Amino acid sequence: MFVSSPICPGNDFIVEQTEKINFMAIATPILAYAGLSFRKDLKEFRKLSWRIVVISIVVYTGTFVLSTLIAEFGFRLTGKFH
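Residues numbered from 1 in each chain as written. Predicted model: local features only at pLDDT ≥ 70, side-chain atom pairs only at ≥ 80, totals over all residues. Heavy atoms only, no water.

## Comments concerning a nonpolar patch on the surface
In step 1: A cluster of nonpolar side chains, namely Phe64, Val65, Leu66, Leu69 and Ile70, defines an oily patch on the protein surface of about 530 Å² accessible area.
In step 2: Looking at where Leu66 falls in the secondary structure, it is placed in helix α4 (residues 50–78).
In step 3: When its relative accessible area of 52% is taken as the criterion, Leu66 is described as exposed. (Patch = residues over 30% accessible without salt bridge, like charges linked within 9 Å, V, L, I, M, F, W, Y side chains within 5 Å. Areas by Shrake-Rupley, 256 points an atom, 1.4 Å probe, with all protein chains shown as cover. Salt bridge = Lys/Arg side-chain N within 4 Å of Asp/Glu carboxyl O. Helix = DSSP H or I, 4+ residues; strand = E, 2+ residues; numbered from the N terminus. Buried < 20%, exposed > 50% of the residue type's maximum accessible area, 1.4 Å probe, protein only.)

## Here we look at a positive patch on the surface
In step 1: Together, Arg39, Lys43, Arg46 and Lys47 make up a region of like positive charge exposed at the surface.
In step 2: Looking at the positive patch element by element, the count peaks at 3 residues for helix α3 (residues 42–48).
In step 3: Within the fold, Lys47 resides in helix α3.
In step 4: With relative accessibility at 61%, the residue Lys47 sits in the exposed group. (Lys, Arg positive; Asp, Glu negative; His and termini not counted. Charge placed at Lys NZ, Arg CZ, Asp CG, Glu CD.)

## Considering the pattern of salt bridges
In step 1: All told, the structure shown has 1 salt bridge when counted by the stated rule.
In step 2: Here Arg76 ties to Glu72 by a salt bridge, and the two come within 2.8 Å at their closest N and O atoms. Of this pair, Arg76 and Glu72 are both found in helix α4, 4 residues apart, which corresponds to roughly one turn of the helix.
In step 3: Taking the relative accessible area as the measure of exposure, Arg76 reaches 57% and is therefore exposed.
In step 4: According to the relative accessible area criterion, Glu72 is partly exposed, its value standing at 33%.

This is the structure we're talking about:
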């Protein structure tokens, strides 16, 4: 992220080169591997039952809210979207 930011010298080259990459083509094998590795832990996942759903919702909500607060702080600090 730093090397593609406007404060880094030479960021134009980095941005130009990374725009050519199809990130979904990279993500597909990673997601397939994650799905295959999940299969071996399916029995343990079943033991967690409904508790894992509650924990997941709390974690995802907390991550979203904290990310939103950080973005809001950044926007207010820079004067955007005031």
